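Structural description and commentary
Given next are the chains, with one letter for each unit.
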Amino acid sequence: MANELLTILEYIEQERGISRDSLIKALESAILTAARKSIHPASELKVKIDPVTGQIQAWATLEVVEENPTCDQLVIARARERFPDVQLGEKVEWEVTPRNFGRIAAQTARQAIVQQLRKAEKENVQEEFADRIGQIISGTVRRFEAGNIIIDFQKAEGIMPSKEKIHDEQYMPGDIIRALLLRVDINTAGPSLIVSRSCPEFVTRLFEREIAEIHDGVVKIMGIAREAGKRTKISVMSTDPRVDPVGACVGMRGQRVRNITNELGNERIDIVPYDADIRKYATNALLPAKVQSVEVNEAKHELIVRVTDEQSKLAFGKKAQNVRLCSKLIGWNINIRNEEERGAEAGHSIGEQLKIATQKLAEAIGVSEATAGLLVNNGYVTVDGVKAADPEALLEIEGIDTAEMQNALERLNG
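Small disclaimer: the values here were computed from a predicted structure and weren't measured. (Residues numbered from 1 in each chain as written. Predicted model: local features only at pLDDT ≥ 70, side-chain atom pairs only at ≥ 80, totals over all residues. Heavy atoms only, no water.)

1. A word on the overall build of the protein chain
Put simply, the test is: Each helix is a run of H or I in the DSSP string that is no shorter than four residues. Each strand is a run of E no shorter than two, and both are numbered from the N terminus. The globule rule is 2.2 Å times the number of residues to the power 0.38, and the radius of gyration it is compared with is taken over C-alpha atoms. Burial classification: accessible surface area is computed with a 1.4 Å probe over protein chains only, and a residue below 20% of its type maximum counts as buried, one above 50% as exposed, and the rest as partly exposed.
Across its full length, the protein chain carries 17 helices and 15 strands. Taking 22 Å as the expected radius of gyration for a compact globule of 414 residues, we find that the protein chain reaches 34 Å, considerably beyond that expectation. Its C-alpha atoms give the protein chain principal-axis dimensions of about 105 × 50 × 40 Å. Evaluated residue by residue, the protein chain yields a buried proportion of 45% over its 414 residues.

Now the structure itself:
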């Protein structure tokens, strides 16, 4: 058993890169747990494996007493056979290795070594990757499990859950994949590295890697909003007045930002100049739509953005994506209003303006005010906005009367 154990430990140490000391400690703990009943009734027990000879021994910590010992005690006369100078009340380590311990230890070691090996490997993974959380790492696609991608990162396996993938991206085993390391989980079975390509931080790290001015701190990323696989808005500012932050990110002939969009499967990226003035910031963020004016409601943390009928489609964007991402980017609620409605709504409170908009939309598309109110609250304020929206998105609005909405859409598109 001793020679076999040493051979196994040496193999694991060389092939897996796990230190012999950590393996020995793991085996000592496993053997003690499995064989405690057969070793000794003492409460303080330990198993020791000699790293040189492979010999396995069991030891108990016992208190030296004069007579009538309990399971945690040893009479002084016997203790002095090995420790001549021991005194009453002292504690000694006493070998309690049973005769059949070699067989018990062998059986336990064979069962436990795989489990302990996995544990030791995961601890190595934790140490190796702990300081790389939040960074981009590269690996090779190995296989697929229940919609998740299992990735080989050489020193560890990782998993990209289905929700962390970019929609419509396809991979084959052997493909190289880059992703952001979200966390290291060594407490569950399976891959320890949890990675993502859909989180906004992945795009942030791509910009830091591709744009030298961002990496050097000359250009700063002030905010980011993303719908993975579709569109990202990212705001930037320069700490040097001589450097154009948007131009630095776009690069010569758009090469820098093109490298990033290629990595993201041609996901659209809007680079927005940051401004401390929330009105200017919102105007920049809503591009390519041209904004007429922006009113600030501090109490509701809301911006009323005025646009022309012609620009309202651009302001909302497909499925209201542009205004939704803009709101996430700047951290304010945004309500888009047609400039033509300003006069009619003058003097009305925000609540009254919403009521007026709801009544007008209900009458225009032939739905109840309840349905129109849900549409307005979700950013679909005008007839053109409803027409331009994805029908499925409209029908998925919580609380919407789907039959009434379907009938309205048929009339609008008929």
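2. Thoughts on the packing of aromatic side chains
This is how it is decided: When the centres of two rings from Phe, Tyr and Trp lie within 6.5 Å, Trp using its six-membered ring, the rings pair. Their planes under 30 degrees apart give stacked, over 60 give edge-to-face, and anything left gives tilted.
Taken as a whole and assessed by the stated rule, the structure comprises 2 aromatic pairs. Seen in terms of ring centroids, Phe83 and Trp94 are 6.4 Å apart; in terms of plane orientation they differ by 55°. Their pairing is tilted. One end of the pair, Phe83, is in the loop between helix 3 (76–82) and strand 4 (91–95); the other, Trp94, is in strand 4, and 11 residues separate them in sequence. Taking relative accessible area as the criterion, Phe83 reaches 33% and is therefore assigned partly exposed.

3. Observations concerning the pattern of salt bridges
Any two side chains of opposite charge can pair if their charged atoms end up close together. Convention followed: The term salt bridge refers to a side-chain nitrogen of Lys or Arg lying within 4 Å of a carboxyl oxygen of Asp or Glu.
Counted according to the given criterion, the structure contains 20 salt bridges. The residue Arg226 makes a salt bridge to Glu267 at a minimum N-O spacing of 3.0 Å. Here Arg226 is found in strand 10 (residues 219–227), whereas its partner Glu267 is found in the loop between helix 8 (255–263) and strand 12 (268–273), with 41 residues between them in sequence. One exposure class covers both Arg226 and Glu267, and it is buried. One salt-bridge network, held together by shared partners, links Glu169, Arg178, Arg197 and Glu263.

4. A word on the sheet that holds strand 15 (residues 333–338)
Selection criterion: When DSSP locates at least two bridges between a pair of strands, those strands are taken to pair. Only C-alpha atoms enter the line fits that serve as axes; for helices the fit covers just the stretch in contact. Angles between N-to-C directions range over 0 to 180 degrees.
The strand order 13-14-15 describes an open sheet built from 3 strands, whose pairing is mixed. Of all strands in the sheet, those with a lone pairing partner are strand 13 (293–297) and strand 15, marking the two edges. The sheet shows a mean angle of 20° between the axes of neighbouring strands, direction not considered. Both strand 14 (residues 302–307) and strand 15 contribute to a ladder of 6 bridges, which runs parallel. Looking at strand 15, one finds that Glu302 is bridged to Asn333.

5. Quick notes on the packing of helix 5 (residues 200–210) against helix 8
In plain terms, the rule: It is the rotation of the near helix from the far one that decides the hand of a crossing: anticlockwise by less than a right angle makes it left-handed, clockwise makes it right-handed. Contacts between residues were defined by any pair of non-hydrogen atoms, one from each residue, lying within 4.5 Å. Charged means Asp, Glu, Lys or Arg here, nonpolar means Ala, Val, Leu, Ile, Met, Phe, Trp, Tyr, Cys or Pro, and polar covers whatever is left, Gly included.
Closest axis-to-axis distance for the helix 5/helix 8 pair is 10 Å, and the angle between their directions is 140°. Between helix 5 and helix 8 lies a crossing of right-handed hand. The residues of helix 8 that touch helix 5, namely those facing Phe202, Leu206, Phe207 and Glu210, are Arg256, Asn259, Ile260 and Glu263. For the contact of helix 5 with helix 8, the residue count by class is 4 nonpolar, 1 polar and 3 charged.

6. A short note on unusual backbone geometry
Leaving glycine out, the prevailing phi sign among residues is negative, and the prevailing peptide bond configuration is trans. Of the consecutive residues Leu287 and Pro288, the connecting peptide bond is found in the cis state with omega at 15°. Relative to the elements of secondary structure, Pro288 occurs in the loop between helix 9 (278–285) and strand 13. One non-glycine residue, Ala146, lies in positive phi territory at about 50°. With respect to the secondary-structure elements, Ala146 resides in the loop between strand 5 (136–145) and strand 6 (148–152). Although it is not a glycine, Arg253 sits at a positive phi angle of roughly 55°. Tracing the backbone through its elements, the reader meets Arg253 in the loop between helix 7 (245–250) and helix 8. By relative accessible area, which is 76% here, Arg253 ends up exposed.

7. Topic: the nonpolar core
As a reminder of what qualifies: Working definition of a nonpolar core: buried Ala, Val, Leu, Ile, Met, Phe, Trp, Tyr and Cys residues. They are joined through side-chain atoms within 4.5 Å.
By size, the foremost hydrophobic cluster in this structure holds 43 residues, and its most contacted members are Leu303, Val305, Ile330, Leu375, Val386 and Leu394. Secondary-structure elements contributing two or more residues to this core are helix 9, strand 14, helix 10 (309–316), helix 11 (321–330), strand 15, helix 13 (350–365), helix 14 (369–377) and helix 17 (402–413). With 5 residues, the single largest contributor to this core is helix 11. Each residue touching Leu303, except ones within four places of it in the same chain, is listed here: Ile278, Ala282, Val294, Glu295, Val296, Ile330, Trp332, Asn333, Ile334 and Asn335. Counting residues in each nonpolar core, the second largest holds 34 residues, with Ile12, Ile76, Ala79 and Ile104 among its members.

8. A short note on the pairing of strand 5
Pairing of strand 5 with strand 8 (residues 176–184), which is carried by 5 bridges, proceeds in the antiparallel orientation. Across the sheet, residue Gly139 finds its bridge partner in strand 8, namely Ile177. Both strand 5 and strand 6 contribute to a ladder of 5 bridges, which runs antiparallel. By the bridge assignment, Thr140 is partnered in strand 6 with Asp152. With antiparallel pairing between neighbouring strands as the criterion, strand 5 and strand 6 make up a hairpin whose turn holds 2 residues, including Ala146 at a positive phi of roughly 50°.

9. Notes on the side chain of Arg226
Our working rule: What qualifies as a polar contact is a pair of N or O atoms within 3.5 Å, subject to a donor-acceptor requirement within protein and to the restriction that residues adjacent in sequence count only when both atoms come from side chains.
Classification of Arg226 as buried rests on a relative accessible area of 9%. Within the structure, the side chain of Arg226 is placed 2.8 Å from the backbone oxygen of Arg197, a separation counted as a polar contact. Within the structure, Arg226 has its side chain in polar contact with the backbone oxygen of Cys199 (distance 3.0 Å). Those residues in contact with Arg226 that lie beyond four places of it in its chain are Ile166, Arg197, Ser198, Cys199, Pro200, Phe202, Val203, Arg231, Thr232, Leu264, Glu267 and Leu325.

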